[in-house]
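Remarks on the overall topology
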Number of protein chains: 2
Amino acid sequence: MLASFVISLKLDRDLTLPGLGAEALHGLFFEVLRGYDAGFAAHLHREVDKPFSLSGVLTEHPKRDGRLHIGADGRVEFRLGLLTDDIIEPTLAAFGALAMSATPVRFGSASAHVEGIAFQPGTHPLVRATTYPALVQKASPDARATLQFVSPTSFRAGDVQDVLPRPERVFGSLFEAWQTFAPLPLDPALAELFALIRVSAYELRTELIHFARYKVIGFKGRVTYTYPRDLNAPTRQALNALADFAFFAGVGYKTTMGMGQVLSEAADRRLSAGRAGR
Amino acid sequence: MLASFVISLKLDRDLTLPGLGAEALHGLFFEVLRGYDAGFAAHLHREVDKPFSLSGVLTEHPKRDGRLHIGADGRVEFRLGLLTDDIIEPTLAAFGALAMSATPVRFGSASAHVEGIAFQPGTHPLVRATTYPALVQKASPDARATLQFVSPTSFRAGDVQDVLPRPERVFGSLFEAWQTFAPLPLDPALAELFALIRVSAYELRTELIHFARYKVIGFKGRVTYTYPRDLNAPTRQALNALADFAFFAGVGYKTTMGMGQVLSEAADRRLSAGRAGR
């Protein structure tokens, strides 16, 4: 399964965090998992390819000098994209237990209470659940996909950051995560098409994102990718399934630290269509 | 020599032109040259690599449905970037003669009078003159260059348009024009560095540009290119000379039809420094 949960926190006092606040959220996530199942948390921490993506702080807070200033009375929301059943179950259980017990958890230099974990589709626009086969079956046969990069996105290429949304890197990053985590891999021949995908429209700007001890450049905005002509419908669907997968997996570098958060416009329409009350 | 002239026209009646109006300006330019030296115009028309770049209509006119609506009383300005002495001389003479004689020239479905040709640096921000050796000698030794793409820019790659500002294409396009038109070519080894240049920041959006019988997508906005570390100062200067050359040559596809018009920020500062009254 694939899931996207939105977690809300309440702080015990004022806090400032660099950039997107994602290092503190990353720390909190591991601490919460550790409290529930130390063995699983340790195992996850050692994994090179981690089956989750993590947003920065999604709620609005004042920004000064590259830092978020969060008031003790403010709510903090963030999103987890979860790519395997193995991580969905303990995550839900761990945050659920904390929300009920009101046990505080370390958050940066403060501590926080977990107010809630939204996991039922329909309760929040960013909460969704699907399966890998459903992503493929329900993918559009359109010959293009538009991705909205909502947090700074970049790619590590050798020892430099690549901040162009090159199709081969964007789809390559998604393909790699899919092949690692999906119960059924995609046809490896699909990857040969990525260099043939065209960028047909975009509106993008780079942005510097502050981490505690360094800064990274990424791009934000919207890109339309157009597939090579004469692809059959199943191949177009497989490419669109990768585009839809971006919502859960993120794209590129440091997707477990708030970077590379993506919305897919086609998936938004489709995944929202059946949502209760919307 | 390298020169950038700004030409102003006055129309005899209202006129609508697709997109940037560059096809009509291209036609006018060749008609003016033909009136002065038919042999030279015919020769130039046959050349595959043309030693000029041509802006679209620079003056502001209402736009509707992808067309410019130019009133008979409105002035039209456009810019010519000229890359060799061979074309500078007849261009100056031909437009100069027309400006004095008040002979009308065909402009789209209307006709126009040449009101003036600004060729003396200092008379207009887009009027400049330099030489290839001076471009190199005066180029900055900075390890980066920022190019402002002021009209839609793209690259023809096989049978598709590439609308990403990939360093190898941007610098490759400039290098090719330089090697074709400069009295002294640059070291061919320079071209091996282009793939190592990084895009370090940008703010760009694609835009569809209408021509009479087709449309082309290009990107507009600002890109900073950062050179590989450990380049010596002369190599950095050679790369910056190419960046400065973009003002005259344009970049990429259809630079004789209004596309790929570029300002280089470093060159702007330097080339403006000695300008009278500014």
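Heads up: these notes are all about the structure in this document. (Residues numbered from 1 in each chain as written. Chains lettered and ligands numbered in written order. Predicted model: local features only at pLDDT ≥ 70, side-chain atom pairs only at ≥ 80, totals over all residues. Heavy atoms only, no water.)

1. Quick notes on the interface of chain B and chain A
Selection rule: Throughout, a contact is declared for two residues whenever any of their heavy atoms are within 4.5 Å. Buried area: the sum, over both parts, of the accessible surface (1.4 Å probe) that disappears when the two are put together. In what follows, salt bridge is the name for a side-chain nitrogen of Lys or Arg lying within 4 Å of a carboxyl oxygen of Asp or Glu. Helix and strand definitions follow DSSP, with helices as H or I runs of at least four residues and strands as E runs of at least two, each counted in order from the N terminus. Throughout this entry, Asp, Glu, Lys and Arg are counted as charged residues, while Ala, Val, Leu, Ile, Met, Phe, Trp, Tyr, Cys and Pro are counted as nonpolar. The remaining residues, Gly among them, count as polar.
Each side of the interface is counted separately: chain B has 19 residues, and chain A has 19 residues. In this assembly, chain B packs against chain A so that about 1,700 Å² is buried in total across both faces, 53% of it on carbon and sulfur atoms. Between chain B and chain A we count four salt bridges in total. Where Glu 168 of chain A meets Arg 166 of chain B, a salt bridge forms, and the shortest distance between an N and an O atom there is 3.8 Å. Secondary-structure elements contributing two or more residues to the side of chain B that touches chain A are β12 (160–162), α5 (167–181), β13 (198–210) and β14 (215–226) of chain B. Of the residues forming the side of chain B that touches chain A, the biggest block, nine residues, is contributed by β13 of chain B. When grouped by side-chain class, the residues that make up the side of chain B that touches chain A number eleven nonpolar, three polar and five charged.

2. Overview of the pattern of salt bridges
Going by this rule: Any residue under 20% of the maximum accessible area for its type is buried, any over 50% is exposed, and the rest in between are partly exposed; the area is computed with a 1.4 Å probe on protein chains only.
Across all of its chains, the model carries 16 salt bridges over all chains by this definition. The partner of Arg 106 of chain B in a salt bridge is Glu 31 of chain B, with the nearest N and O atoms 3.2 Å apart. Placement of Arg 106 of chain B in strand β7 (residues 105–107) and of Glu 31 of chain B in helix α1 (residues 22–36) is noted, with a sequence separation of 75 residues between them. Overall, Arg 106 of chain B belongs to the partly exposed group, its relative accessible area being 45%. Relative accessible area serves as the criterion here: at 25%, Glu 31 of chain B is assigned to the partly exposed category. When salt bridges that share partners are traced, they join Asp 162, Arg 166 and Arg 169 of chain A together with Glu 168 of chain B into one network.

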